[in-house]
Amino acid sequence: MRYFIAVARHGSTLSAARAMGVNQSTVHRRVAELEGRIGHGLVRRHPSGYQLTELGLALLPLAEDAEKAMIAIERQAKAYANELKGIIRLTCPEPLVSRISNSQFLSDFYELYPSLRVEFVMSDGYLDLSKGEADVALRSGEQADEKLVGRRIGDSVWAVYGSRDYVHRHGTLNGLHDIANHTIIGFEGALSNHRAAEWLRRIAPDAETAATNNSVLGVLHAVMAGLGISPLPTTIANMHETLVQLSAPVEELNRGWYLLTHPDIRKTPRIIAFFDYTVDHLNTLRPLLMG
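A quick note: this is a predicted structure, and the numbers were derived from the prediction, not measured. (Residues numbered from 1 in each chain as written. Predicted model: local features only at pLDDT ≥ 70, side-chain atom pairs only at ≥ 80, totals over all residues. Heavy atoms only, no water.)

1. Thoughts on the sheet that holds strand β6 (residues 149-156)
Pairing within the open sheet is mixed, and its five strands lie in the order β4-β3-β5-β12-β6. Whereas interior strands pair on both sides, the edge strands pair on one side only; in this sheet they are β4 (116-122) and β6. Across the sheet, the axes of successive neighbouring strands diverge by a mean angle of 20°, strand direction being ignored. One ladder, built from seven bridges, connects strand β3 (residues 86-92) with β4; its direction is parallel. Paired with I87 across the bridge in β4 is R117. Packing of helix α5 (residues 94-101) onto the sheet brings it into contact with β3, β4, β5 (136-140) and β12 (255-261), and relative to β4 it is tilted by some 160°. This element, helix α6 (residues 104-112), spans β3 and β4 of the sheet and lies at about 145° to β4. (Pairing = 2+ DSSP bridges. Helix = DSSP H or I, 4+ residues; strand = E, 2+ residues; numbered from the N terminus. Axes fitted to C-alpha atoms, helices over the stretch in contact; angles between N-to-C directions. Contact = heavy atoms within 4.5 Å.)

2. Digging into the nonpolar core
One finds V160, I179, F187, W199, I229, L232 and L243 to be the most contacted residues of the largest nonpolar core, which totals 31 residues. Those elements that place two or more of their residues in this core are β7 (158-163), β8 (184-187), α8 (195-203), α9 (216-224) and α10 (234-237). It is α9 that contributes the most residues to this core, six residues altogether. Each residue touching V160, except ones within four places of it in the same chain, is listed here: L173, L176, I179, W199, I229, S230, P231, V244, Q245, L246 and S247. Judged by nonpolar contacts, the second largest core, of 27 residues, contains I88, L106, A273 and Y277. (Core = buried A, V, L, I, M, F, W, Y, C linked by side-chain atoms within 4.5 Å. Buried < 20%, exposed > 50% of the residue type's maximum accessible area, 1.4 Å probe, protein only.)

3. Looking at the packing of helix α1 (residues 2-10) against helix α2 (residues 13-20)
Two numbers describe how α1 lies on α2: the axes approach to 8 Å, and their chain directions differ by 115°. Seen along the crossing, α1 lies across α2 with a hand that is right-handed. In this structure, α1 uses R2, Y3, A6, V7 and H10 to contact α2, whose residues at the interface are T13, S15, A16, A19 and M20. Residue composition of the contact of α1 with α2, by class: six nonpolar, three polar and one charged. (Left-handed = near helix turned anticlockwise from the far one by under 90°. Nonpolar A, V, L, I, M, F, W, Y, C, P; charged D, E, K, R; others polar.)

4. Quick word on the packing of aromatic side chains
Scanning the model with the defined rule gives five aromatic pairs in all. Considering the side-chain rings of F109 and Y110, the 6.1 Å spacing of their centres and the 55° angle between planes classify their relative orientation as tilted. Look at F109 and Y113: their rings are 5.3 Å apart centre to centre, the planes differ by 50°, and that puts the pair in the tilted class. Pair check on accessibility: F109 and Y113 agree, each one buried. Through successive ring pairs, a cluster of aromatic residues spans F105, F109, Y110, Y113, F274 and Y277. Its guanidinium or amino end placed over the ring of Y3, R2 lies 5.5 Å from that ring's centre, counting from NZ or CZ. It is R117 that lies over the ring of Y110; its NZ or CZ is 4.0 Å from the centre. (Phe/Tyr/Trp six-rings, centres within 6.5 Å; stacked < 30°, edge-to-face > 60°. Lys NZ or Arg CZ within 6 Å of the ring centre and 35° of its normal.)

5. A short note on the sheet that holds strand β10 (residues 230-233)
In spatial order, the strands read β10-β7-β11; together these three strands make up an open sheet with antiparallel pairing. This sheet does not close on itself; its edge strands, each paired only once, are β10 and β11 (243-245). Going from strand to strand, the sheet's axes swing by 50° on average, the running direction of each strand aside. Relative to the sheet, α9 contacts β7, β10 and β11, its axis offset from that of β10 by approximately 125°.

Right, here's the structure in full:
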């Protein structure tokens, strides 16, 4: 069809061949093939050059529309390839940053997409993806933000932990009800309404509080220092040999892990690439999230 359009525009197979950078015989052959498939002639030769037949004149505008559509497809495909580069700003709980950044999950991603890079935006509070504070979020807990899109990719499991030193001095737990008889590390600030904070207030409202912190990492460090006990994600706490798991996983605190983004950027090439890669490599990512 491109050869037919070129002949119509340039008036001869020779001029069309020059414009397209091919041999004149190629133009003859391709136009003849098109006419053979349609079953009717589209051009005829005159002393002054080639002219379109009645059918050729009727089909030319349609052929030009098809040409525009194919050019648009080619342009979009090239743009897609060119956009597979740049930064993906990923927000996740701070303790996970080192696990993910030093993992096979990320190194394999870079090998597959050498022009893409993941930049961590660390926060224990939820960043607003709709305001562009990050591109993609790894979050635990049931999602209330209906503006975001994504999928569940794993489970977030919590249990109560204390340091070996603390257990040596104060003993272990005799059931969750016994938390009230121990010193606890609480949650404040951005985490004051976290499910773990609400659970602690409900199960041990009168427990002595040794310290509070506005980040999970801060609570972790306080527990490691032997100041008290607190619920923590098993993924993070089990990394530290100085900590002792004092309870079975607390069902009330367990939630899902979600990979989320804003719908406005979900179909951009770099986000598509990261989502598709993550889904295809969940077996590598889940141990990083779930321990």
